[in-house]
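# Structure at a glance
Chain residues, written in single-letter form:
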There are 2 protein chains.
Amino acid sequence: MTITGHQLIGSRQVWGSQDNTFHGVDPSTGQKLTLTFSSAGAAEVEQACALAAQAFASYRQTTPDQRADFLEKICVNILALGDELIDHAARETGLPRARLEGERGRTVGQLRLFAATVRKGEWQGVRVDRAIPDRQPLPRSDLRLRHIGIGPVAVFGASNFPLAFSVAGGDTASALAAGCPVVLKAHPAHPATSELVGRAVQQAVADSGLHEGVFSLLAGASIELGGALVADPRIKAVGFTGSRGGGMALMRIAAARPEPIPVFAEMSSINPVILFPGALAARADAIAGQFVASLTMGAGQFCTNPGLVLAVAGPGLDAFMAAATAAVTNAPAATMLTPAIHGMFSKQTAELAGQPAVKQLARGLAPTGPHQAQAALMLVESADFLSDPVWHNEVFGASSVVVRCPDLETVAEVISHLEGQLTATFQLDPSDVETARALVPALEEKVGRILVNGFPTGVEVADAMVHGGPFPATSDSRITSVGTLAIVRFLRPVCYQDFPDALLPDSLRDAALKR
Amino acid sequence: MTITGHQLIGSRQVWGSQDNTFHGVDPSTGQKLTLTFSSAGAAEVEQACALAAQAFASYRQTTPDQRADFLEKICVNILALGDELIDHAARETGLPRARLEGERGRTVGQLRLFAATVRKGEWQGVRVDRAIPDRQPLPRSDLRLRHIGIGPVAVFGASNFPLAFSVAGGDTASALAAGCPVVLKAHPAHPATSELVGRAVQQAVADSGLHEGVFSLLAGASIELGGALVADPRIKAVGFTGSRGGGMALMRIAAARPEPIPVFAEMSSINPVILFPGALAARADAIAGQFVASLTMGAGQFCTNPGLVLAVAGPGLDAFMAAATAAVTNAPAATMLTPAIHGMFSKQTAELAGQPAVKQLARGLAPTGPHQAQAALMLVESADFLSDPVWHNEVFGASSVVVRCPDLETVAEVISHLEGQLTATFQLDPSDVETARALVPALEEKVGRILVNGFPTGVEVADAMVHGGPFPATSDSRITSVGTLAIVRFLRPVCYQDFPDALLPDSLRDAALKR
């Protein structure tokens, strides 16, 4: 497929109205890539949002089968892009091809899971209160409730999952599944990848006979573009995965609108891992190996990267640190997604390493090319951790801090001082269960997902997944951005009172309720 | 029970630290009532929020039976207040005793319905994905999800329902049902009523052996008090029913916090009633009678008051207007809740009556005392309605505007220009169903509840009720503030991955899932 650098506005392609063009960068060389991309401006935001608003009425009323077929058609079209998609994504992100192939599988699997969810229909959340005509003192009306789409949604592609959390990623899939048109703000770090997937979605809209406004793709390197999109009165909700600063900026814009709208931003998490004494005594080396694999996976560029280790001082923790130090020391440097991300990683790890309270346990192997991150493992004592907020900041990349605690009470105290997190992880053996039990309530109030004897970097796309958590992990602890529950972000309830059966939507008619 | 004018902070009563005391006002006389109430300041906000945060850990982990028993104990204690409660409420609000007795019934019915909802347990929203150990290429973990309370909630008592949307009203009931402690900001228009109900809740907390911080009541006449409460970092969500200006002010404070929190504000709605030709031809007089009864009920002081009538010009509409004019002309003036509300009603109805485009159809009977509202019915042509935003503002009270349209297409056009609403109502006969069908989709996107052949002022407390709607009807179209679905506002999901059964919360253990 030809990549042209145009904006995709409904069924058309339009050269962006902003003067500045932009290019992807190959982070493994630092070189600008050759393709030129146009930058969308106010005119394209206007056109895309107008089309999305027009499309909403018909799109939200598609049947479950029509909508599910459309989601599945997107999968077909993405897979039909073949190696070209992987080639561009690898070049633009520095991610290994195998990772990207896996991510493509995750992306289409996610779309198919939402297609199945749409077909099952439980997302409509149907509730019925039958009339009670002879109730005293007043009769009860017949009340029937279903959920419908909230309206056009602005979705921001994430840098770290150029497929699974980008153009046709989880936010797009759940918004489309909910019956909401999507105006996609592509991440400027992977413009060719974005355009390819955008064209696959655009083609699926046409293939499915839907209103062209169901999907538009806007690209541009300026931050003003995203702000203008969130400010557009036709946009009714926002999905975002990225930095705390970026998410907060969008939240401020959304809150300042004449009509404020919800922003579902997944932002910042350091994902504590708690190592219990029994587990450390039994298998410190194995835990260390798995931990470092999780830490360095994808150059550490996961929202769920384990950036914090909590444990009680002792021989078990010493053994863990020795094994983890050896593993990190031998970890190859890995190309980061963008020069900017690499710059921030280098700055933050240097800042932490310069703290008087820190002991640097290990750095990974030296870089062999530009923008490669050297993994980092540090040690601080719990008292120092508690006294300096610098340790609570997310470092995006393969950097983790072991917090050595004198006792389990201090572990609990450290937990109580943490901000909201996406995950917390227990490494425990049967002998640790009662100790762990005491920490569960505090963690439930801090995190969206608690794992036992795993590592947080795998986020299953499933019905019971929560990829969310209290602020600043996300902007709204009441939601998840991964898994089928993500659809509720984009739905709102409507009640029909005393409707004649013939006037009710299909899913609320007597015949449908009897099924 | 003695009313002392104290703040209720956990189990204690505390004289508010602000210098200024305040009094209720009898709106039927305009006289200050004799009881003196203290004003809470920063110290009481601090104490109440600190206690609420302490109480959260134990309260959210109460069993469903414990929590339901507590809600039912609140009912017992409210009913035990007997006539004293009704006496004070009638004096402070000017509402008739029969209305207040009905509202008390609604209030305890609401608490009991939430108690039953808590016992049923579906609010936990349990989801389970079983492990698939032999899945290729990677095994699937065991994932189990439940919802828990979001944390301490600030609830603002509403002026227009001194019982059902005040201290132990719908927001409090749903937050307590969700496992969230409540810090209640009492409405200054009914301080004695608030203190009585607050003491009933405080006593129920003690009777139930719960942490005292589960409930506190703050009173004060300043708007700074509510702002300080919403700004407190321990508050995790806000429930509010009131004016658009008040709701927006709280939304701005919540969004500007270092940790922004959701505000569930139910604010402003003019509740269009659409009269179809068949219904008008068959029963214009009957519709007019029911309409005026709904319009003037409770001096028109309902969020769902029918402030707008849409119909096509013709003999049917003429007959409706004649009958409605006669009924409004004979409607007694009624005391409004507060002097300020009456002042605003008078100002707004005068402003509308002074519009060059308006024809005043009727005013109700002249006042016989202070702060009595004279019902108002006006007529504007659709073209004038569409050209002036003044017609879109809520008038809180018994004022309604008939918008005469040349044809049904214009009715649709008027609907498309409306802001978000709580309700829309159809008056239709079988011959109108196909005409009405064409309007349903546009209304679904504008309102939370659509009624057929009823009037919107009755809001059933039920599973399928939606008392919500797009902005500015509420701050968040994805929720309802009446009915059992209101509980989801105060819940967030937590996922447990690969937990040993013994470490799981009870509701997610194998034994519970098999039941």
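Conventions we followed
Residues numbered from 1 in each chain as written. Chains lettered and ligands numbered in written order. Predicted model: local features only at pLDDT ≥ 70, side-chain atom pairs only at ≥ 80, totals over all residues. Heavy atoms only, no water. Contact = heavy atoms within 4.5 Å. Buried area = accessible area lost by both parts, 1.4 Å probe. Salt bridge = Lys/Arg side-chain N within 4 Å of Asp/Glu carboxyl O. Helix = DSSP H or I, 4+ residues; strand = E, 2+ residues; numbered from the N terminus. Nonpolar A, V, L, I, M, F, W, Y, C, P; charged D, E, K, R; others polar. Pairing = 2+ DSSP bridges. UniProt positions renumbered as here; feature names shortened; annotations may be inferred. Phe/Tyr/Trp six-rings, centres within 6.5 Å; stacked < 30°, edge-to-face > 60°. Lys NZ or Arg CZ within 6 Å of the ring centre and 35° of its normal. Buried < 20%, exposed > 50% of the residue type's maximum accessible area, 1.4 Å probe, protein only. Axes fitted to C-alpha atoms, helices over the stretch in contact; angles between N-to-C directions. Domains from an automatic or database assignment. Polar contact = N/O pair within 3.5 Å; in protein donor to acceptor, adjacent residues only side chain to side chain. Least-squares fit on C-alpha atoms with pLDDT ≥ 70 in both. Parallel < 35°, antiparallel > 145°, perpendicular 65-115°, else oblique. Left-handed = near helix turned anticlockwise from the far one by under 90°. Disulfide = S-S within 2.5 Å.

Opposite the 68 residues of chain A that make contact, chain B presents 68 residues. Between chain A and chain B lies a buried interface of about 5,600 Å² when both sides are counted; carbon and sulfur atoms form 57% of it. A per-residue breakdown of the area chain A buries against chain B is headed by A:Glu444, A:Arg478 and A:Leu503, which together make up 13% of the total. Counting across the interface, chain A meets chain B through eight salt bridges. Here B:Glu445 makes a salt bridge to A:Arg60, at a shortest N to O gap of 2.8 Å. In terms of residue count, strand β23 (residues 491-497) of chain A provides more of the side of chain A that touches chain B than any other element does, seven residues in total. Its residues assigned to classes, the side of chain A that touches chain B comprises 42 nonpolar, six polar and 20 charged. For β23(A) and strand β20 (residues 447-452) of chain B, the ladder comprises three bridges, and the chain directions are parallel. Opposite A:Gln497, over in β20(B), you have B:Leu451 as the bridge partner.

Moving on, we come to the UniProt feature "domain: Aldehyde dehydrogenase" (unreviewed entry) in chain A. Those residues carrying the UniProt feature "domain: Aldehyde dehydrogenase" (unreviewed entry) are residues 18-468 of chain A in this numbering. Note that residues 18-468 of chain A is 43% helix and 19% strand, and that its end C-alpha atoms are spaced 35 Å apart.

Across all of its chains, the model carries 22 aromatic pairs over all chains by this definition. Where B:Phe161 meets B:Phe165, the ring centres are 6.1 Å apart and the plane angle is 70 degrees; that geometry is what we call edge-to-face. Following the ring pairs from residue to residue traces out a cluster consisting of A:Phe276, A:Phe426, B:Tyr496 and B:Phe499. When the ring centre of A:Phe56 is taken as reference, the NZ or CZ atom of A:Arg60 above it lies at 5.7 Å.

Residues and elements named next belong to chain B. Turning to its location among the elements, Pro133 is positioned in the loop between β5 (127-129) and β6 (143-149). Overall, Pro133 belongs to the exposed group, its relative accessible area being 66%. With sequence-adjacent residues up to four places away left out, Pro133 is seen in contact with Pro139 and Arg140.

Turning to the sheet that holds strand β22 (residues 447-452) of chain A, a few remarks are in order. Within a sheet, adjacent strands bond to each other through the backbone by hydrogen bonds, running parallel or antiparallel. With mixed pairing, ten strands are arranged side by side in an open sheet as β17(A)-β19(A)-β20(A)-β15(A)-β14(A)-β21(A)-β22(A)-β21(B)-β6(B)-β5(B). Only two strands of the sheet have a single partner each, and these edge strands are β17 (359-363) of chain A together with β5 of chain B. Each strand of the sheet is rotated relative to its neighbour by a mean of 20 degrees, with strand direction disregarded. In the sheet, strand β14 (residues 272-275) of chain A pairs with strand β21 (residues 421-427) of chain A via three bridges, with the strands oriented parallel. Along β21(A), the bridge assignment pairs A:Ile274 with A:Phe426. Strand contacts of helix α13 (residues 408-417) of chain A: β14, β15 (308-312) and β20 (399-405) of chain A, with the helix running at about 155 degrees to β15(A), the strand carrying the most contacts.

All right, on to the domain arrangement of chain A then. Residues and elements named next belong to chain A. The domain architecture assigned to chain A consists of domain 1 (7-131 + 138-267 + 476-510) and domain 2 (272-452). Between the C-alpha centres of domain 1 and domain 2 there is a distance of 33 Å. Contacts between the two partners involve 18 residues from domain 1, matched on the other side by 16 residues from domain 2. Where domain 1 abuts domain 2, roughly 1,200 Å² becomes buried across the two surfaces, and 60% of that area is made up of carbon and sulfur atoms. By the criterion of area lost to domain 2, the three top residues of domain 1 are Pro27, Asn160 and Glu266, representing 34% of everything that side buries. Linking domain 1 with domain 2 are one salt bridge. For Glu419, the salt bridge is made with Arg244, and the minimal N-O distance between the two is 3.1 Å. Taken together, the connections running from domain 1 to domain 2 amount to three residue pairs in polar contact (both at pLDDT 80 or more). Among the residues forming the side of domain 1 that touches domain 2, the class breakdown is six nonpolar, eight polar and four charged.

Right, let's get into the side chain of B:Arg449. One can find B:Arg449 in strand β20. Only 3.0 Å separates the side chain of B:Arg449 from the backbone oxygen of B:Pro456, close enough to count as a polar contact. Within the structure, B:Arg449 has its side chain in polar contact with the backbone oxygen of B:Gly458 (distance 3.3 Å). Other than its neighbours up to four places away in sequence, B:Arg449 contacts A:Cys495, A:Gln497, B:Thr304, B:Leu422, B:Thr423, B:Ala424, B:Pro456, B:Gly458, B:Val459, B:Met465 and B:Val466.

Another aspect to go through is unusual backbone geometry. Going from A:Gln136 to A:Pro137, the amide bond is cis rather than trans, its omega being 0 degrees. Here the bond from B:Phe471 into B:Pro472 is cis, since omega is 5 degrees, no more than 30 degrees from zero. Along the polypeptide, B:Pro472 turns up in the loop between β20 and β21 (491-497). Although it is not a glycine, A:Asn453 sits at a positive phi angle of roughly 55 degrees. For A:Asn453, the position within the fold is in the loop between β22 and β23. On the basis of relative accessible area, A:Asn453 is assigned to the partly exposed category, the value being 36%. Here the phi dihedral of B:Asp498 falls at roughly 55 degrees; this positive angle occurs in a residue that is not glycine. As for its position among the elements, B:Asp498 is in the loop between β21 and α15 (510-514). Owing to a relative accessible area of 30%, B:Asp498 belongs among the partly exposed residues under this scheme.

Attention now goes to the relation of the copies chain A and chain B. For these two chains of identical sequence, chain A goes onto chain B by a turn of 180 degrees and a shift of 0.0 Å along the axis, with RMSD 0.0 Å. Look at the turn and shift together and you get a two-fold axis relating the two. Taking C-alpha positions as the reference, the residue of chain A nearest the rotation axis is A:Ala255, at 3.2 Å. Most of the interface of chain A is mirrored in chain B, where 100% of its interface residues are also at the interface.

Let's shift gears to the sheet that holds strand β15 (residues 359-363) of chain B. Pairing within the open sheet is mixed, and its ten strands lie in the order β7(A)-β8(A)-β23(A)-β20(B)-β19(B)-β12(B)-β13(B)-β18(B)-β17(B)-β15(B). Each end of this open sheet is capped by a strand with a single partner; those strands are β7 (127-129) of chain A together with β15 of chain B. Ignoring strand direction, the axes of neighbouring strands in this sheet form an average angle of 20 degrees. This element, helix α13 (residues 408-417) of chain B, spans β12 (272-275), β13 (308-312) and β18 (399-405) of chain B of the sheet and lies at about 155 degrees to β13(B).

All names here are of chain A. Contact pair helix α2 (residues 64-80) / helix α5 (residues 170-177): the axes reach a minimum separation of 10 Å and the direction vectors enclose 155 degrees. Comparing the axis directions of α2 and α5 gives the class roughly antiparallel. For the element pair α2 and α5, the recorded crossing hand is right-handed. Between α2 and α5, the residues in contact are Arg67, Phe70, Leu71 and Ile74 and Ala173, Leu176 and Ala177, respectively. Looking at the contact of α2 with α5 residue by residue, the classes come out as six nonpolar, no polar and one charged.

For the structure on display, the rule yields zero disulfides over all chains. Its sulfur unpaired, A:Cys75 is 19 Å from the next cysteine sulfur, which belongs to A:Cys180. Looking at A:Cys75, the relative accessible area reads 0%, which means it is buried. Cysteine B:Cys49 remains unbridged, with the sulfur of B:Cys180 as its closest cysteine sulfur at 14 Å. We classify B:Cys49 as buried; its relative accessible area is 0%.

Residue and element names in this part refer to chain A. As for its placement among the helices and strands, Asn77 is situated in helix α2. Asn77 sits in the buried class, given a relative accessible area of 12%. If near-sequence neighbours (up to four positions away) are discounted, Asn77 is found in contact with Ala200, Gln203, Ala204 and Asp207.

What follows covers the pattern of salt bridges. Under the criterion given, the structure shown has 52 salt bridges over all chains. As a salt-bridge pair, B:Asp65 and B:Arg119 come within 2.9 Å of each other at their nearest N and O atoms. One end of the pair, B:Asp65, is in helix α2 (residues 64-80); the other, B:Arg119, is in helix α4 (residues 97-120), with 54 residues separating them in the sequence. Take B:Asp65: its relative accessible area is 44%, and that puts it in the partly exposed class. In this structure, B:Asp142 and B:Arg144 form a salt bridge, with 2.8 Å as the shortest nitrogen-oxygen distance. Judged by relative accessible area, which is 12%, B:Asp142 ranks as buried. Take B:Arg144: its relative accessible area is 5%, and that puts it in the buried class. Linked through salt bridges whose partners overlap, the residues forming this network are A:Arg60, A:Arg146, B:Glu444 and B:Glu445.

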